[in-house]
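# Structural features, examined
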Amino acid sequence: MSLHERTVKTTAKRFLLPFKSKAGSPPPVWLMRQAGRYLPEYRQVRTNAGSFLDLCYTPKLAAEVTLQPIRRYGFDAAILFSDILVVPEALGQKVSFIEGAGPRLDPIRSGEDLSRLDLSSSNDKFARVWDTVSMLGQKLPSETALIGFCGAPWTVATYMAEGRGSTDQAAARNWAYRDPVSFGKLIDLLTEASIAYLSGQASAGAEALQIFDSWAGSLADDEFDRWVIAPTAQIVNEIRSQHPDVPIIGFPRGASASLAKYIELTGVDGVSCDTACPLSTMQTIARMGTVVQGNLDPLLLVGGGEALDKRVDAIIDAMKGLPFVLNLGHGIVPETPPENVARLVQRIRS
Ligand code: 1CP
């Protein structure tokens, strides 16, 4: 059953219209990583917060940086400020964020290492994020929707096994081949934790949920079925039974060729498409009733100018009349001049 066939709250929020089979004209817009280092006001709060995790776990500060891009640009949706690595941290893995170098974790690479993780301890940390969501319900403009999120189990597992970001996700892929039983236990644990984490966000007021699977594209197709599709389907089923009104968006980055299968077997209401996904594929999917988000190249926001305008126009033109949300194909990069984001929003709405 698609979302618009289920009972949904009537609402004027533009972001939610495509999920009720209504194409917005102009399309609703928000951008992945719309809060972050490209904004001077973010860098200010980030410096004062101490560590990146302190920022994520302090509701007042996390709510403030969530609101910053809404004040500047009036996006149709705000995304909760947090990180996908909050889940392993809450499970007991040591996680830190090194300025300019990204995340570092004490790697977990075997069945024995799993004993360092404990689901029962995670709720205290999750509760701080849920408090941020509640606070945002009070502070956001009435027309702005709030999106909650988590990392998909596969992508979170790649960071847990590697201990950092990587280009090939080799530590997780090797573990999954060497010992699929113990790797499966990690995926099961992350699936359970993600369900609790997302369900709490929806209960606290998140109006849509996005599952970020940034490294979905690194798997062979049988491994994709097992480590991407199966856990995502489990999360979608469980969240839907608890929160039938809340649309769920999947972002299986780098997996355009498997997108139709992903949609069919996970049951997501929408997909975020990466920059390399052809507009023709996005049209096909949207015509079949799945909401499509995407897929402007974040680098066009760095350069700006006519190249940006031209591509924005082409995307909007291709998706006219279809259930579509304008977004990037991946997150805003720190070098982005804030005025180019203003130019984009103005272009969409003019
Ligand atoms: O120093 C800083 O301020 C850190 C930069 C930063 C920010 C702004 C990190 C570290 N995380 C975030 C916030 C964040 N991360 C949000 C909320 C803000 C928003 O979107 O406006 C979200 C949704 C994420 C999701 C996230 N974190 C993903 C999935 C999306 C994607 O980018 O592919 C991933 C893979 C992460 C891990 C992560 N966190 C931070 C970095 C630099 C990384 C990537 C590490 C790597 O692979 O090298």
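Anything mentioned here points back to the structure above.
Scoring rules and cut-offs
- Residues numbered from 1 in each chain as written.
- Predicted model: local features only at pLDDT ≥ 70, side-chain atom pairs only at ≥ 80, totals over all residues.
- Heavy atoms only, no water.
- Near = heavy atom within 4 Å.
- Polar contact = N/O pair within 3.5 Å; in protein donor to acceptor, adjacent residues only side chain to side chain.
- Areas by Shrake-Rupley, 256 points an atom, 1.4 Å probe, with all protein chains shown as cover.
- 1 Å grid on protein atoms, 1.4 Å probe; cavity = no way out; pocket = protein on both sides within 12 Å on 5 of 7 lines; lining within 4 Å.
- Sits in = over half its atoms within 2 Å of the grid points.
- Nonpolar A, V, L, I, M, F, W, Y, C, P; charged D, E, K, R; others polar.
- Buried < 20%, exposed > 50% of the residue type's maximum accessible area, 1.4 Å probe, protein only.
- Helix = DSSP H or I, 4+ residues; strand = E, 2+ residues; numbered from the N terminus.
- Pairing = 2+ DSSP bridges.
- Expected span 1.5 Å × (residues − 1).
- Contact = heavy atoms within 4.5 Å.
- Core = buried A, V, L, I, M, F, W, Y, C linked by side-chain atoms within 4.5 Å.
- Axes fitted to C-alpha atoms, helices over the stretch in contact; angles between N-to-C directions.

### What to know about the site of the ligand
Near the ligand there are 22 residues, and of these Tyr42, Asp83, Tyr159, Ser214 and His330 occur at the shortest range. The backbone of Arg33 places a nitrogen or oxygen atom 2.9 Å from an oxygen atom of the ligand. Between Asp83 and the ligand, the recorded distance is 2.7 Å, taken from a side-chain N or O atom to a nitrogen atom. Within the complex, 87% of the 890 Å² of free accessible area of the ligand lies under protein. More than half of the atoms of the ligand fall within 2 Å of the grid points belonging to the largest pocket. The residue inventory of the shell around the ligand, partitioned by class, reads 12 nonpolar, six polar and four charged.

### So, the pairing of strand 9 (residues 324–328)
Where burial is concerned, most of strand 9 is hidden: five out of the five residues are buried. Of the two faces of strand 9, the one lined by Phe324, Leu326 and Leu328 and the one lined by Val325 and Asn327 are each fully buried. Bridging between strand 8 (residues 291–296) and strand 9 involves five bridges; their strand directions are parallel. Within strand 9, the position partnered with Asn295 by the bridge is Asn327.

### Comments concerning helix 5 (residues 122–139)
Residues spaced three or four apart along an α-helix face the same direction, because each turn holds 3.6 residues. Taking 1.5 Å as the rise per residue, helix 5 with 18 residues should run 26 Å; its terminal C-alpha atoms sit 26 Å apart, in good agreement. Buried residues of helix 5: Ser122, Phe126, Val129, Trp130, Thr132, Val133 and Leu136, and no others. Buried positions along helix 5 lie against helix 2 (52–57), helix 3 (59–73), helix 4 (86–90), strand 4 (145–151) and helix 8 (180–204).

### Focus: the nonpolar core
In terms of nonpolar packing, the biggest core is built from 122 residues, with Phe15 and Phe183 touching the most fellow members. Sort the elements by how many residues they give to this core and helix 8 lands first, with 10 residues. With sequence-adjacent residues up to four places away left out, Phe183 is seen in contact with Trp154, Ala157, Ala172, Trp175, Ala176 and Trp227.

### Some points on the sheet that holds strand 9
Each strand in a sheet pairs with another by means of backbone hydrogen bonds, the pair being arranged parallel or else antiparallel. Strand order in the open sheet formed by seven strands is 1-4-5-6-7-8-9, with parallel pairing between adjacent strands. Strand pairing shows two members of the sheet lacking a second neighbour, strand 1 (77–79) and strand 9, which therefore form its edges. Across this sheet, the average inter-strand angle for adjacent strands is 25 degrees, counted without regard to direction. Examined bridge by bridge, strand 7 (residues 270–272) and strand 8 share three bridges and lie parallel to one another. Paired with Ser272 across the two strands is Gln293, which belongs to strand 8. Running over the sheet, helix 8 touches strand 4 and strand 5 (208–213) and is turned about 170 degrees from strand 4. On top of the sheet, helix 10 (residues 259–266) reaches strand 6 (248–252) and strand 7; it is set at about 145 degrees to strand 6, its chief contact.

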